[in-house]
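Residue-level structure breakdown
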Amino acid sequence: MSSLLSIALAVSISCIHTVEDQYFGGQNAEPVAEVEQKASNSNETLAKLEKDPLYPYIDKQNQLVEKNGIQYIENQENILVLANKDYSLQPSYTPPDLVRPNVTFSFGDEQVEKAQMRKEAGTALEEMFQAANEDGYKLFAVSGYRSYKRQQEVFQAEVNSKGDTKAREAVAYPGTSEHQTGLAMDISSESQSYELTEAFGTTPEGKWLEDNAHNYGFILRYMKGREDITKYQYESWHYRYVGKDAATIIYENNWTLEEFFNHVKALEKKVDAAK
């Protein structure tokens, strides 16, 4: 009889532990209060990260697909698309909303491909040129949109002149040029004979642009001293549209577009860890 009672008691205790393990995780489980506190801390951390100025740009990163060893960008119409020596636009890509901005061009009224930009960028360029004019600075647009075919022609001409290695330092390999995005414009001044020169950055017009372009959504894309990051030589004339908010962040932090997205990527990792 005593043996039967002992067995019954053992079974009861076993059931108690089984239920306890099911709902509370057993003897080695964290107390419920601690689990809830960790969840609360995680939610607070996530909420704080979501207030970071870079948070809206997590979804603006390149979406990539690899083909024949080349990283091609899929979300090519993204205003913040990052086209460089690592990420290429599709050879067939042509921006869907190209327009000719109402600004002064170095080549006058000639109807050519390079006079075009995407509509949003073109409108912003008009505002920037008007503001410069009101401040006493006359800007001239030199080269905007550049098709893949035209990139091939420009690159080959540079190769013929300087060789492949030097050409890649000065001219974008076809598909990697920001000009194909329709979001970039090369700018010059009368003092530079409307040419694209490094000295443009020291002119009153060049200095005005460097100090004010972000107010209109543009950034100086290839900065002096950042060649190891952008993989391009300094181009005082090359301005890229990214939108006012992003341009202001980039300008105030003295970042390149590559550095901007490095920080965005770092924030994304923190967000993922907090979820």
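Residues numbered from 1 in each chain as written. Predicted model: local features only at pLDDT ≥ 70, side-chain atom pairs only at ≥ 80, totals over all residues. Heavy atoms only, no water.

As named in an unreviewed UniProt entry, the protein is D-alanyl-D-alanine carboxypeptidase family protein, taken from Listeria seeligeri FSL N1-067.

1. With respect to the overall build of the protein
Across its full length, the protein holds nine helices and eight strands. Within the span of the protein, comprising 275 residues, buried residues form 43% of the whole. For the protein, the proportion of contacts with a sequence separation of at least 24, taken over those separated by at least 6, is 64%. (Helix = DSSP H or I, 4+ residues; strand = E, 2+ residues; numbered from the N terminus. Buried < 20%, exposed > 50% of the residue type's maximum accessible area, 1.4 Å probe, protein only. Contact = heavy atoms within 4.5 Å.)

2. Quick notes on helix 9 (residues 257-274)
Taking 1.5 Å of rise per residue, the 18 residues of helix 9 would be expected to cover 26 Å, and the 26 Å separating its terminal C-alpha atoms lies within 8% of that figure. Listed as buried for helix 9 are Leu257, Glu258, Glu259, Phe260, Phe261, Val264, Leu267, Glu268, Val271 and Ala274. (Expected span 1.5 Å × (residues − 1).)

3. Remarks on helix 3 (residues 119-134)
Between the first and last C-alpha of helix 3 there are 23 Å, a value that for 16 residues agrees with the 22 Å anticipated at 1.5 Å per step. For helix 3, the full list of buried residues reads Ala121, Gly122, Ala124, Leu125, Met128, Phe129, Ala131 and Ala132. Gly136 sits one or two residues past helix 3 and shows a positive phi near 95 degrees.

4. Here's the deal with the nonpolar core
Formed by 35 residues in total, the largest nonpolar core has its most connected members in Leu125, Met128, Phe129, Ile187, Trp208, Leu209 and Phe218. Mapped onto this core, the elements with two or more residues apiece are helix 3, strand 6 (184-188), helix 6 (204-212), strand 7 (218-222) and strand 8 (235-241). Tallying contributions element by element places helix 3 first for this core, with seven residues. Listed in part, the 21 residues of the second largest apolar core include Tyr57, Leu82, Trp255 and Val271. (Core = buried A, V, L, I, M, F, W, Y, C linked by side-chain atoms within 4.5 Å.)

5. With respect to unusual backbone geometry
Residue Tyr194 is not a glycine yet carries a positive backbone phi of 65 degrees. The class of Tyr194 is partly exposed, set by a relative accessible area of 31%. Although it is not a glycine, Asn254 sits at a positive phi angle of roughly 55 degrees. With respect to the helices and strands, Asn254 occurs in the loop between helix 8 (244-253) and helix 9.

6. Considering the pattern of salt bridges
Going through the model one piece at a time under the given rule, you end up with ten salt bridges. Between Arg118 and Asp97 there is a salt bridge, with the nearest N and O atoms lying 3.0 Å from each other. Remark: Asp97 occurs in the loop between strand 2 (70-73) and strand 3 (98-99) and Arg118 occurs in strand 4 (residues 117-118); sequence separation between them is 21 residues. Residue class for Arg118 comes out buried when judged on its relative accessible area of 8%. Overlapping salt bridges, with partners in common, bring together Glu178, Arg221, Arg240 and Glu258 in one network. (Salt bridge = Lys/Arg side-chain N within 4 Å of Asp/Glu carboxyl O.)

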